[in-house]
Amino acid sequence: MGKLLAFLLCISLFEGWMVQSVPYDYTASIKCLSSPMRSLYKGGIIENSEFNSGLTGWSVPWGVTANVSSSPSGNNFALASASNNGQPSRSVYQKIQMETAHHYSLSAWLQVSSGTAVVRSVFKDPNGAFIAGGATVARSGCWSMLKGGMTAFASGPGELFFEADGRVDIWVDSVSLQPFSFPEWDEQRRLSAGKTRRSAAKVVARGADGVPLPNANLSVKLLRPGFPFGNAMTKEILDIPAYEQWFASRFTVASFENEMKWYSTEWMENHEDYTVADAMLRLAEKHGIAVRGHNVLWDTNDTQVSWVKPLDAQRLKAAMQKRISSVVSRYAGKVIAWDVVNENLHGHFFESRLGRNASSEVYHRVARIDRTARLFMNEFGTLEEPLDAAAMSSKYVAKLQQIRSYPGNRGIKLAVGLESHFGTPNIPYMRATLDMLAQLRVPIWLTEVDVNRNAGPYVPIYLEEVLREGYGHPNVEGMVMWAAWHAQGCWAMCLTDNNFKNLPAGDRVDKLIAEWRTHPEGATMDANGVTELDLVHGEYNFTVTHPSLGSPAVRTLTVDASSAAVEHTIDIKV
């Protein structure tokens, strides 16, 4: 672990340096294709990545027979068959030379001989440890993309192979493995964040007669950052001013930890109480903090309020409909999002009683009541665990597409919610999963970010890496942490002590907030009353002073991705 700390800390030594490397490739596909795409990075360090030279560079494990076959279109691929005797089916494998302190970005195209199977990528690192690199649901008859990766903390020989449970032949093609040193990875993340979260804004100051104000002074104040960044909130905030001040000075978004959930608002059947949630909403509104509705329903068995569990199908459906109508109608237009059927991949409480489309019907009902909020499919394991078979990106995609295809749901405002409860993060796998889910073409949020306290002194280090990765990905539109304060202790990760003094994780968060809000605070216009500023997206006050003005002129304007275009010049007429 000491080496791990050293490697992660070394990233900071390179901040601001231009590190030359192969650009990261965000290409991904969630479609099952008749022919695979070409290898990313021309295969990277993989030899013979498209099997155009037979099995050159590849080895065949014991108990496996393998050959190179061709499709009718002339595409070559490796076909591996195993008499597995109850063991996982294996593909061909390749020996690779790994370098310490490097992230490895993996992609491959896979098919199985019959039906469907979960196919996993596995690395054997230089220390002999087997590390999961990601998985996908592979099918017969078409090719599925697996995108993932791993991090090497030692140099030396390693291996890459694919395996599946059950007896299937595994077809492999277009394999790529591209290494990035930690400084290279960090630099590309920084460049992506700069491109996605900032814009060059042209500011023009003209007088009432339209004549430019030469050499005018401009001061710039960020009122509200454009990237939503928040935290979970607890009811204790209603009675502790220090908690309120600490929260409101940092975050622009809140999720109530428990107070809006069914078991909090209707602990006894037909006895609803929204007093606490209403008060928390008023507090958030007072500070301009947007609220995510968490949650309408929860699909796991152990999170159901006790009186709901024994209901028969007819009574359960009636209770669900009453709950949906009650909570969504109450907060429609007041929340920016709903976690509609929480943990819909790990839980099947409602589907097991009401049928396969139970969750899709809930989304339909919520969308009809609240037409403004984003409707999130909120899930854990998808981003955090390369081998979570229930929640891998391919299964997440299939479930969201099932919801979307339900009659009447085609146009509803869906979104991807990734809870992001991390132990030791696999950063290349995290980025690859975001690449895959971005193909759904809906907003992506990290909704409950934390790092398990079992990581000890590495909690703040891992937390910073995860948050930077989310902020730097071009398809992530917001992040909320799951670090709600409780006097008796936080659920997984605390940011402050009981006096609301930051702990090390809180200091990391504050550092990132300050960094992500950094902007030029002022400038002097040129002779034409013009200046160009590199500004983080958000809402600003622009204040112009000039000898010809009786008093400073103040304008509130928003800088976003369109602000760099000439036709979107910010024009201050005073």
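Structural data are supplied above this passage.
Conventions we followed
Residues numbered from 1 in each chain as written. Predicted model: local features only at pLDDT ≥ 70, side-chain atom pairs only at ≥ 80, totals over all residues. Heavy atoms only, no water. Phe/Tyr/Trp six-rings, centres within 6.5 Å; stacked < 30°, edge-to-face > 60°. Helix = DSSP H or I, 4+ residues; strand = E, 2+ residues; numbered from the N terminus. Buried < 20%, exposed > 50% of the residue type's maximum accessible area, 1.4 Å probe, protein only. Disulfide = S-S within 2.5 Å. Salt bridge = Lys/Arg side-chain N within 4 Å of Asp/Glu carboxyl O. Axes fitted to C-alpha atoms, helices over the stretch in contact; angles between N-to-C directions. Left-handed = near helix turned anticlockwise from the far one by under 90°. Contact = heavy atoms within 4.5 Å. Nonpolar A, V, L, I, M, F, W, Y, C, P; charged D, E, K, R; others polar. Pairing = 2+ DSSP bridges. 1 Å grid on protein atoms, 1.4 Å probe; cavity = no way out; pocket = protein on both sides within 12 Å on 5 of 7 lines; lining within 4 Å. Points joined across faces, edges and corners; volume = space filled by probe spheres on them. Expected span 1.5 Å × (residues − 1).

1. Observations concerning the packing of aromatic side chains
Right, on to step 1. In this structure the tally under the stated criterion is 27 aromatic pairs.
Right, on to step 2. Relative to Phe-500, the ring of Tyr-243 has its centre 5.3 Å away and its plane inclined at 15°; by these criteria the two rings are stacked. A residue pair is termed long-range when its members are at least 10 positions apart, and Tyr-243 in helix α3 (residues 241–248) and Phe-500 in the loop between β21 (476–481) and α12 (504–516) qualify at 257 residues. This pair shows no difference in class: Tyr-243 is buried, exactly as Phe-500 is.
Right, on to step 3. Consider the rings of Phe-247 and Phe-251, whose centres lie 5.1 Å apart with planes at 65°: the pair is edge-to-face. For the pair Phe-247 and Phe-251, one class covers both residues: buried.
Right, on to step 4. A connected cluster of aromatic rings, assembled from ring pairs, spans Phe-227, Phe-229, Trp-246, Phe-247, Phe-251, Tyr-471 and Trp-516.

2. Observations regarding the state of the cysteines
Right, on to step 1. By the definition in use, this model includes two disulfides.
Right, on to step 2. The disulfide bridge from Cys-32 ends at Cys-142, spanning 1.9 Å between sulfur atoms. Measuring the twist about the S-S bond at about 95°, one finds the Cys-32-Cys-142 disulfide to be right-handed. Within this pair, whereas Cys-32 is found in the loop between α1 (2–10) and β1 (64–70), its partner Cys-142 is found in the loop between β7 (130–139) and β8 (144–152), the two being separated by 110 residues in sequence.
Right, on to step 3. Counting only the cysteines that form disulfides, in the order they appear in the protein, gives the pairing 1-2, 3-4.

3. Some remarks on the pattern of salt bridges
Opposite charge on two side chains permits pairing when their charged atoms draw close.
Right, on to step 1. Summed over the entire model, instances satisfying the criterion amount to 22 salt bridges.
Right, on to step 2. Glu-266 is the salt-bridge partner of Lys-322, the closest N and O atoms lying 3.3 Å from each other. Placement of the pair is Lys-322 in helix α6 (residues 313–331) and Glu-266 in the loop between α4 (262–265) and α5 (275–286), with a sequence separation of 56 residues.
Right, on to step 3. With relative accessibility at 35%, the residue Lys-322 sits in the partly exposed group.
Right, on to step 4. Assessed through its relative accessible area of 2%, Glu-266 is described here as buried.
Right, on to step 5. With a closest N to O distance of 3.0 Å, Arg-365 and Glu-361 form a salt bridge. In this pair, Arg-365 and Glu-361 both sit in helix α8 (residues 358–369), four residues apart, roughly one turn of the helix.
Right, on to step 6. Among the residues examined, Arg-365 registers a relative accessible area of 29% and is labelled partly exposed.
Right, on to step 7. In the salt-bridge network here, residues are joined through shared partners; they are Asp-186, Arg-189, Arg-431, Glu-465 and Glu-469.

4. Regarding the packing of α6 against α8
Right, on to step 1. Relative orientation of the contacting elements α6 and α8 amounts to 35°, with a least axis distance of 10 Å. In this structure, α6 crosses over α8, and the sense of that crossing is right-handed. Contacts from Met-320, Gln-321, Ile-324, Ser-325, Val-328 and Ser-329 of α6 reach α8 at Val-362, Arg-365, Val-366 and Ile-369.
Right, on to step 2. Per-class residue counts for the contact of α6 with α8 are six nonpolar, three polar and one charged.

5. Remarks on the sheet that holds strand β25 (residues 553–559)
Within a sheet, adjacent strands bond to each other through the backbone by hydrogen bonds, running parallel or antiparallel.
Right, on to step 1. Taking strand neighbours across the sheet as the criterion, the four strands line up as β22-β12-β24-β25 in an open arrangement whose pairing is antiparallel. Sheet topology places β22 (522–524) and β25 at the edges, where each strand pairs with a single neighbour. Each strand axis lies, on average, 25° off the axis of its neighbour in the sheet, ignoring direction.
Right, on to step 2. Across seven bridges, the pairing between strand β24 (residues 538–545) and β25 is antiparallel. Along β25, the bridge assignment pairs Asn-541 with Thr-556.

6. Some details on empty space enclosed by the protein
Right, on to step 1. According to the stated counting rule, one finds two cavities of 30 Å³ or more in the structure shown.
Right, on to step 2. In this structure, the largest cavity spans a volume of roughly 60 Å³.
Right, on to step 3. In this structure, the largest cavity is lined by Lys-261, Trp-262, Tyr-263, Asn-295, Leu-297, Trp-298, Thr-303, Gln-304 and Val-305.
Right, on to step 4. Of all the elements in the fold, those that place two or more residues in the lining of the largest cavity are α4 and β15 (290–298).
Right, on to step 5. For the lining of the largest cavity, the element with the most residues is β15, which contributes three residues.
Right, on to step 6. Classifying every residue of the lining of the largest cavity gives five nonpolar, three polar and one charged.
Right, on to step 7. In this structure, the second largest cavity encloses a volume near 50 Å³.
Right, on to step 8. In this structure, the second largest cavity is lined by Ala-135, Leu-146, Lys-147, Met-392, Ser-393, Tyr-429, Thr-433 and Met-436.
Right, on to step 9. Classifying every residue of the lining of the second largest cavity by side-chain character gives five nonpolar, two polar and one charged.

7. Describing the side chain of Ser-192
Right, on to step 1. For Ser-192, the location among the structural elements is in helix α2 (residues 182–197).
Right, on to step 2. Given the relative accessible area of 11%, Ser-192 is considered buried.
Right, on to step 3. In this structure Ser-192 touches Tyr-26, Gly-472, His-473 and Pro-474, once residues within four positions along its chain are discounted.

8. A word on α2
Right, on to step 1. The end-to-end C-alpha distance of α2 is 22 Å, a good match for the 22 Å that 16 residues give at a rise of 1.5 Å each.
Right, on to step 2. Restricting attention to buried positions, one finds in α2 the residues Phe-182, Pro-183, Glu-184, Trp-185, Asp-186, Glu-187, Gln-188, Arg-189, Ser-192, Ala-193 and Arg-197.

9. Description of the pairing of strand β2 (residues 76–82)
Right, on to step 1. Counting buried residues in β2 gives six out of seven residues, a clear majority hidden from the surface.
Right, on to step 2. Two elements, β1 and β2, share seven bridges in a ladder whose sense is antiparallel. Bridge pairing in β2 places Thr-65 opposite Ser-81.
Right, on to step 3. Turn length for the β1-β2 hairpin, with the two strands adjacent in sequence and antiparallel, is five residues, and the turn residue Gly-74 shows positive phi of about 95°.
Right, on to step 4. Both β2 and strand β10 (residues 170–181) contribute to a ladder of three bridges, which runs antiparallel. Bridging from a neighbouring strand, Ala-80 pairs with Ile-170 of β10.

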